[in-house]
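Below, each chain spelled out in residue letters.
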Amino acid sequence: ATHDHTQFEERHLCYISQLGKGNFGCVELCRYDPLGDNTGELVAVKKLQPNKISNQEDFQKEVKTLSVLHCDYIVKYRGVCYSMGRLSMSLVMEYLPYGSLNGYMWTNRYNITTRRMLLFASQICKGMEYLQTLRYVHRDLAARNILVANDSLVKIADFGLTKVLPFDKEYYRLSQPGQSPLFWLAPECLNENKFSHKSDVWSFGIVLHELFSYCDNNSNPKVLCLRAIGQNVQGTSISMHLSNMLANNWRLPSPPNCPSEVYGLMKDCWTYDFDKRPMFCDLSKKVENMIQSDR
Ligand SMILES: CC(C)(Nc1nc(-c2c[nH]c3ncc(Cl)cc23)ncc1F)C(=O)NCC(F)(F)F
């Protein structure tokens, strides 16, 4: 249909710059300028690196996933752009000018209040609650995959690893170890490749740690875990060492000056038994209460 606003014509998509490399693709900043007078809107265009057919299928799933999500706390799908005669397809999303959360937190570390961090945390919880109503498991919740729309609004993005739970099971088992970064993964993901809403809750706890560490790269989850594992990692893989430490109740230390009740919330998310971890609806209530009481 000519008035289908989800169809973007490649000839009107003007490349501006590369935003970054995500899961099996890169994302570019473009201006969709059909009038040719630079008044068009800025969009983020995710292109697939057409190397593996499996990536093509995964990409189609990512597009399908994002196109059905309508939530204030999830990056908006704009549409698709076919090129090379419908051979290759790009995903067109809204462009969020403040960039990813990890860059934003570090840049603004001297003037972000606890209240602001808790506001971001509650928005991420609400976005995850919404995903859960559709039985989607994100599997890659991390500060690098959260976007900042403005100084008081963040959105969940990068649905490249998202899976839908089967109708009859509350977890998704990957056939082989996935490509999610280890240090954000719950024990059952490391040990059994089992992903669920509860493993997303574990990752949310890691995002809380990143937030209250101002996404300082010198004390991010990877650095802290590798330091705890110790340099002389021989034989057993990093994943095994991490899994053993978590089983022995090691957890990331509290970030400096982090309020004890916030660290308590992280520890709740890092409960070993996924059945005993809080749900996102519980977490958003607790975070909202902290915002109210943090006057
Ligand atoms: C791979 C890519 C491009 N990386 C980056 N995006 C943006 C960035 C900045 N503004 C954006 N608006 C929309 C989108 Cl999809 C990305 C950006 N800024 C910096 C990035 F490294 C990305 O997609 N990251 C996942 C995300 F942050 F989006 F969750």
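See the structure printed just above.
Conventions we followed
- Residues numbered from 1 in each chain as written.
- Predicted model: local features only at pLDDT ≥ 70, side-chain atom pairs only at ≥ 80, totals over all residues.
- Heavy atoms only, no water.
- Helix = DSSP H or I, 4+ residues; strand = E, 2+ residues; numbered from the N terminus.
- Rg over C-alpha atoms; globule rule 2.2 N^0.38 Å.
- Buried < 20%, exposed > 50% of the residue type's maximum accessible area, 1.4 Å probe, protein only.
- Contact = heavy atoms within 4.5 Å.
- Areas by Shrake-Rupley, 256 points an atom, 1.4 Å probe, with all protein chains shown as cover.
- Lys, Arg positive; Asp, Glu negative; His and termini not counted.
- Charge placed at Lys NZ, Arg CZ, Asp CG, Glu CD.
- Near = heavy atom within 4 Å.
- Polar contact = N/O pair within 3.5 Å; in protein donor to acceptor, adjacent residues only side chain to side chain.
- Nonpolar A, V, L, I, M, F, W, Y, C, P; charged D, E, K, R; others polar.
- Phe/Tyr/Trp six-rings, centres within 6.5 Å; stacked < 30°, edge-to-face > 60°.

Topic: the overall build of the protein
Now for step 1: Secondary structure assignment for the protein yields 9 helices and 11 strands.
Now for step 2: Here the C-alpha atoms of the protein give a radius of gyration of 20 Å, agreeing with the 19 Å that 2.2 N^0.38 yields for 295 residues.
Now for step 3: Here the C-alpha coordinates of the protein stretch approximately 60 × 45 × 40 Å along the principal axes.
Now for step 4: Here the protein holds 295 residues, and the buried ones make up 48% of them.
Now for step 5: Contacts in the protein between residues far apart in sequence, at least 24 positions, make up 62% of those at least 6 positions apart.
Now for step 6: Surface accessibility of the protein: about 14,600 Å² in total, with carbon and sulfur atoms responsible for 52%.
Now for step 7: One way to put it: in the protein the 33 positive side-chain charges average out to a point 3 Å from where the 30 negative ones average out.

Some remarks on the site of the ligand
Now for step 1: Not every one of the 17 residues close to the ligand is listed here, only the nearest: Val 27, Leu 96, Arg 144, Asn 145 and Ala 157.
Now for step 2: Between the ligand and the protein, one listed contact pairs a nitrogen atom with a backbone N or O atom of Leu 96 at 2.7 Å.
Now for step 3: When the ligand sits alone it has 530 Å² of accessible area, and the protein chains cover 87% of it.
Now for step 4: Mapped by element, the contributors of at least two residues to the shell around the ligand are strand 1 (13–22) and strand 5 (88–94).
Now for step 5: With 4 residues, strand 1 is the largest single contributor of residues to the shell around the ligand.
Now for step 6: The residue makeup of the shell around the ligand, split by class, is 8 nonpolar, 5 polar and 4 charged.

Considering the packing of aromatic side chains
Now for step 1: According to the stated counting rule, one finds 4 aromatic pairs in the structure shown.
Now for step 2: Each ring, one from Phe 8 and one from Tyr 32, has its centre 4.7 Å from the other, and the planes form 70 degrees; the classification is edge-to-face. Of this pair, Phe 8 sits in the segment before strand 1 while Tyr 32 sits in strand 2 (residues 25–32), and the two are 24 residues apart along the sequence.
Now for step 3: When the centroid spacing of 6.0 Å and the interplanar angle of 80 degrees are considered together, the rings of Phe 204 and Phe 280 count as edge-to-face. A residue pair is termed long-range when its members are at least 10 positions apart, and Phe 204 in helix 5 (residues 197–212) and Phe 280 in helix 9 (residues 280–293) qualify at 76 residues.
Now for step 4: Looking at Phe 204, the relative accessible area reads 1%, which means it is buried.
Now for step 5: Among the aromatic side chains, those forming a connected cluster through ring pairs are Tyr 98, Tyr 104 and Phe 120.

Fair warning: the whole summary comes from geometry, so function is off the table for now.
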